[in-house]
Amino acid sequence: MNLVSKCIFSVAFLYESASAASVTDHFGVGFSTGFMSEKPSSSKVINQILPDLKDTLGISMFRIYNAVKDAPYVADLISGDRDTKFIVDVGFLWWRDWEQIGLDALTGDDVSRYLTDFIDQVGEAVKAALGDDYEWLDNVSTVGYFNEPLIEYQHWFDDKFTLDEYLEILKRLNHMVQDFFNTYKNGKHSTTITVAPIFIGIVYPNFTMPLAVEALKLQAEAGAPAGVYSNIYACHPIGYEDFSFKELVSCVGSNGTVSNLEESVVWWREEIKDAISLEGVPVDPADVKLTITESGYPTAGVPFVSEYLSAQFYASTIRQMEDPDSPLYGIDVFFFEALDEDLKPGSSVEPHWGLMTADGRIKEQIAKYWPKLDDGYQMDRMNNPEPPFHQNNLRTEEK
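Each chain carries its own residue numbering, running from 1 in the direction its sequence is written. With the structure being a predicted model, the display of local features is reserved for residues of pLDDT at least 70 and the display and counting of side-chain atom pairs for 80 or more, all residues being used for whole-chain, interface and lining totals. Just so you know, side-chain values use all the structure's heavy atoms and leave hydrogens and water out.

A. Region of the structure containing the overall build of the protein. Counting from the N terminus, the helices are the DSSP runs of H or I reaching at least four residues and the strands are the DSSP runs of E reaching at least two. Looking only at helices and strands, the protein has eleven helices and eight strands in total. Counting the 399 residues in the protein, one finds 55% classified as buried. Long-range pairs, those at least 24 residues apart, make up 76% of the contacts in the protein with a sequence separation of at least 6. Here the Shrake-Rupley method, with its probe set to 1.4 Å, supplies the accessible areas, and only the displayed protein chains count as covering residues. Per element, the accessible surface of the protein, about 17,000 Å² overall, is 51% carbon and sulfur. Relative accessibility thresholds used throughout: buried, under 20% of the residue-type maximum; exposed, over 50%; partly exposed, between the two (1.4 Å probe, protein chains only). Contacts are residue-level and defined by heavy atoms, with any inter-residue pair within 4.5 Å sufficient.

B. Examining the state of the cysteines more closely. Criterion for a disulfide: a pair of cysteine sulfur atoms at a distance within 2.5 Å. Taken as a whole, this structure holds one disulfide when the rule is applied. One disulfide in the model links C235 with C251; its S-S distance is 1.9 Å. Between C235 and C251, the disulfide has an S-S torsion of 140° and is therefore right-handed. Taken as a pair, C235 in the loop between β6 (227–231) and α8 (245–252) and C251 in helix α8 lie far apart in primary sequence, 16 residues in all.

C. Representation of the pairing of strand β5 (residues 194–200) in the model. Of all seven residues making up β5, seven are buried, and the element is well covered by its neighbours. Two elements, strand β4 (residues 140–147) and β5, share five bridges in a ladder whose sense is parallel. Residue pairing for β5: G144 is matched across the bridge by A196. By definition, two strands form a pair when at least two bridges between them are found by DSSP. Bridging between β5 and β6 involves three bridges; their strand directions are parallel.

D. Local environment of the nonpolar core. If you look at the biggest cluster of nonpolar residues, it comprises 116 residues, and the most contacted ones within it are W94, W136, L173, Y297 and F335. Considering every element that reaches this core, the biggest residue donor is helix α6 (residues 163–184), with ten residues. Those residues in contact with F335, other than ones at most four positions away along the chain, are F27, G28, V29, G30, I59, S295, Y314, T317, I318, M321, L355 and W370. The nonpolar core is taken to be a set of buried Ala, Val, Leu, Ile, Met, Phe, Trp, Tyr and Cys residues, with the residues joined through side-chain atoms within 4.5 Å. Judged by nonpolar contacts, the second largest core, of seven residues, contains M61, I87, Y229 and F334.

E. Highlighting the pattern of salt bridges. In what follows, salt bridge is the name for a side-chain nitrogen of Lys or Arg lying within 4 Å of a carboxyl oxygen of Asp or Glu. Summed over the entire model, instances satisfying the criterion amount to 16 salt bridges. With a closest N to O distance of 2.8 Å, R63 and D89 form a salt bridge. One end of the pair, R63, is in strand β2 (residues 61–64); the other, D89, is in strand β3 (residues 85–89), with 26 residues separating them in the sequence. Using a relative accessible area of 0% as the deciding quantity, one classes R63 as buried. Here R96 and E99 are joined by a salt bridge, their closest N and O atoms 3.4 Å apart.

F. Layout of the packing of aromatic side chains. Pairing of aromatic rings covers Phe, Tyr and the six-membered ring of Trp, with a centre-to-centre limit of 6.5 Å; geometry is then stacked below 30 degrees between planes, edge-to-face above 60, and tilted otherwise. Per the counting criterion, the structure on display carries 24 aromatic pairs. Both rings, one in Y166 and one in F207, keep their centres 6.0 Å apart while their planes meet at 5°; by these two values the pair is stacked. Of this pair, Y166 sits in helix α6 while F207 is found in the loop between β5 and α7 (208–222), placing the two residues 41 residues apart along the sequence. Taking 5.4 Å as the distance between ring centres and 80° as the angle between the ring planes, the aromatic pair formed by Y308 and Y369 counts as edge-to-face. One end of the pair, Y308, is in helix α10 (residues 307–322); the other, Y369, is in helix α11 (residues 364–369), with 61 residues separating them in the sequence. You'll find Y308 and Y369 in the same group, each marked buried. An aromatic cluster is defined as three or more aromatic residues linked by ring pairs; in this entry it consists of F27, Y297, F313, Y314, F335 and W370.

G. Representation of the pairing of β4 within the structure. Within β4, six of the eight residues are buried, leaving the element largely enclosed by the surrounding structure. Of the strand pairs in this sheet, β3 and β4 are connected by four bridges, and their pairing is parallel. Within β4, the residue paired with F86 across the bridge is V140. A crossover links β3 with its parallel partner β4, the connecting element being helix α4 (residues 108–130), and its sense is right-handed. Handedness of a crossover is defined as follows: with both strands directed away from the viewer, a clockwise route from the first strand across the helix to the second makes it right-handed.

H. Molecular detail of the packing of helix α5 (residues 149–157) against α6. For helices, the fitted axis covers only the stretch in contact; all axes are lines through C-alpha atoms, and the angles between them, taken along N-to-C directions, range from 0 to 180 degrees. One can describe the packing of α5 onto α6 by two numbers: an axis separation of 12 Å at closest approach and a directional angle of 120°. Here α5 is positioned oblique relative to α6, judged by the angle of their axes. As α5 packs across α6, the resulting crossing turns out to be right-handed. Here α5 contributes P149, L150, E152, Y153 and F157 to the contact with α6, which in turn contributes L163, Y166 and L170. When residue character is reported, Ala, Val, Leu, Ile, Met, Phe, Trp, Tyr, Cys and Pro are called nonpolar, Asp, Glu, Lys and Arg charged, and the others, Gly included, polar. Across the contact of α5 with α6, the residue classes tally to seven nonpolar, no polar and one charged. Here is the rule for angles: anything less than 35 degrees is roughly parallel, anything more than 145 is roughly antiparallel, 65 through 115 is roughly perpendicular, and the remaining ranges are oblique. Handedness of a crossing is defined here by the sense of rotation of the near helix relative to the far one, left-handed for an anticlockwise turn of less than a right angle and right-handed for a clockwise turn.

I. Here's a closer look at empty space enclosed by the protein. With a 1 Å grid laid over protein atoms only, a set of points is called a cavity when a 1.4 Å probe fits there but cannot get out and a pocket when it is open yet has protein on both sides within 12 Å along at least five of seven lines; lining residues have an atom within 4 Å of a point. Grid points are joined across faces, edges and corners, and a volume is the space filled by probe spheres set on the points. Inspection of every chain in the model, using the stated rule, returns one cavity of 30 Å³ or more. There is about 40 Å³ of room inside the largest cavity. In terms of lining residues, the largest cavity is bounded by E148, P149, L150, F199, I200, I202, Y204, F207 and T208. Those elements that place two or more of their residues in the lining of the largest cavity are α5 and β5. Residue composition of the lining of the largest cavity, grouped by class: seven nonpolar, one polar and one charged.

What follows is the structure in structure tokens.
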């Protein structure tokens, strides 16, 4: 089956029911200030950053990587928009220096204590801003109980457990976290929270799908929305010294072409459908929402990365998200990330992932080429593989 056929088949079978009136219903962004030398004030978040993200870029959902450290900003984001929805990571909770309980030794009581402390710490900041009766979990749609578990295994656990042992430990943890939120909901918050791991973009059938299936079963038992979550990049410019032009185009994307991001979504949907069928999961594959929890292109750091190319990636991705013929249609995509974090360690591109500079200004090229949303413009995949200039989807030489 060729890629076009796969796209058509996959979209038909696993069509995202949220084919919303506006593509902006599917825009999210990662929010973190953990590696910023100068953090924005609450006033700047409420009066500048949040309005620019929402009104200029159309973004109103957030992934919060460490809600404890960023608790005041969680309060700010809710203050600016009470309808704001969050994906919240909690994987960092599973190790306390003063307790040193191994991942395999965590009990339900441990998980309950850690999560209760987490909820209370964030809640203190939110209640200070919004009143004692406000329950911030009402704004949480999803809890990511572990981020990129396979990468974490390679870094921290491969000398402690076999991969199969690690898989069973994470399944057990998934049970404990989902059970906690199912119970905690009673009388305390109104949202039925989806609990899931957040995967890397590559599907490893003997690891990724068994873990995803376990989460889907628990979500079904809880009556929570069914979802699979993955950090999917068209390409990640770390470890590459240079790209060929063909590779660059497949990363950044262009009107009328099938990007790496689209191919990855087709692959994920097919794997989810097959796993549900094989394991007898009591979920209709069409009801499983695939969410891209990270995707982006940095604006500086290496020669083949620039603000202009980053802007083209976002413009192309958004146009694909608007296109009913694209596998990205109806997918929630969380762009990585809102603000530059100048102290972020690692590769030279790490401080430059923000849609905005550290002081909260939308980067010039991103603002310039961000598409005019819901303007009726359509991609022409069949007749226009090398498109001419279009003012809302610029894939030409930089002027």
